[in-house]
Amino acid sequence: MNRNKATRALLGTMVIAMAISTTACTSGNGPSEGSSDQVIALLMPDTSQPRYELHDRPNFEAAVAELCASCTVLYSNANGDSQTQQQQAENAITNGARVIAINPIDVDAAASIARRAAESGVKIVSLGRLIQSAPVEYSVSMDSRELGVQQAE
């Protein structure tokens, strides 16, 4: 599966997650009832791997724009700091994110992010590394077999 197809598959999952999430934010944060605007947070782990900034972010944002014109992407990169990633997740929740797609720096620390999100009615999509011992709606990771085939070719 090429990167563009993977991004579209992820976005399909995100749109499904948004569709099943509560559309009204009962805590008073985020979009009001009846609003067509949806907020998706994309939290990346670091800048040491250029793919996050050069490919993942722009592909993700382009796919969101194509599939959901009224959606907004809140993007954050934690620069390798799990505490920063937790603060970014909290900011996303405060700013009305209904879905958080997170590539966790530390899956144990990210479990607290997932629990906090669940308390706020926010869906979590775990990217790359599975967040365990916490409520996660979806987990998206690479197809190791297909990756091996592509590398062999």
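Presented here is a report on the structure given in the accompanying data block. (Residues numbered from 1 in each chain as written. Predicted model: local features only at pLDDT ≥ 70, side-chain atom pairs only at ≥ 80, totals over all residues. Heavy atoms only, no water.)

Focus on the packing of helix 3 (residues 82-94) against helix 4 (residues 107-119)
Packing of helix 3 against helix 4 brings their axes to within 10 Å, and their N-to-C directions diverge by 10°. Viewed along their axes, helix 3 and helix 4 adopt a mutual orientation that is roughly parallel. From helix 3, Ser82, Gln85, Gln86, Ala89, Glu90 and Ile93 reach across to helix 4, where they touch Ala109, Ser112, Ile113, Arg116 and Ala117. Considered class by class, the residues forming the contact of helix 3 with helix 4 number five nonpolar, four polar and two charged. (Axes fitted to C-alpha atoms, helices over the stretch in contact; angles between N-to-C directions. Helix = DSSP H or I, 4+ residues; strand = E, 2+ residues; numbered from the N terminus. Parallel < 35°, antiparallel > 145°, perpendicular 65-115°, else oblique. Contact = heavy atoms within 4.5 Å. Nonpolar A, V, L, I, M, F, W, Y, C, P; charged D, E, K, R; others polar.)

Quick notes on the pattern of salt bridges
Summed over all chains, the structure comprises four salt bridges. Notably, a salt bridge pairs arginine 51 with aspartate 56, separated by 2.7 Å at the nearest N-O pair. Residue classification places aspartate 56 among the buried residues on the basis of a relative accessible area of 15%. Residue glutamate 53 is joined to arginine 57 by a salt bridge in which the shortest nitrogen-to-oxygen separation is 3.8 Å. (Salt bridge = Lys/Arg side-chain N within 4 Å of Asp/Glu carboxyl O. Buried < 20%, exposed > 50% of the residue type's maximum accessible area, 1.4 Å probe, protein only.)

A look at the sheet that holds strand 2 (residues 71-77)
Strand order in the open sheet formed by five strands is 2-1-3-4-5, with parallel pairing between adjacent strands. Each having just a single partner strand, strand 2 and strand 5 (138-140) make up the two edges of the open sheet. When the angles between neighbouring strand axes are averaged without regard to direction, this sheet yields 20°. As paired strands, strand 3 (residues 97-102) and strand 4 (residues 123-127) are joined by four bridges and run parallel to one another. By the bridge assignment for strand 4, isoleucine 102 is matched with serine 126. In this fold helix 2 (residues 51-67) packs onto strand 1 (38-44), strand 2 and strand 3, with an angle of close to 165° to the strand it touches most, strand 2. (Pairing = 2+ DSSP bridges.)

Treat this as a map of the structure, not an account of what it does.
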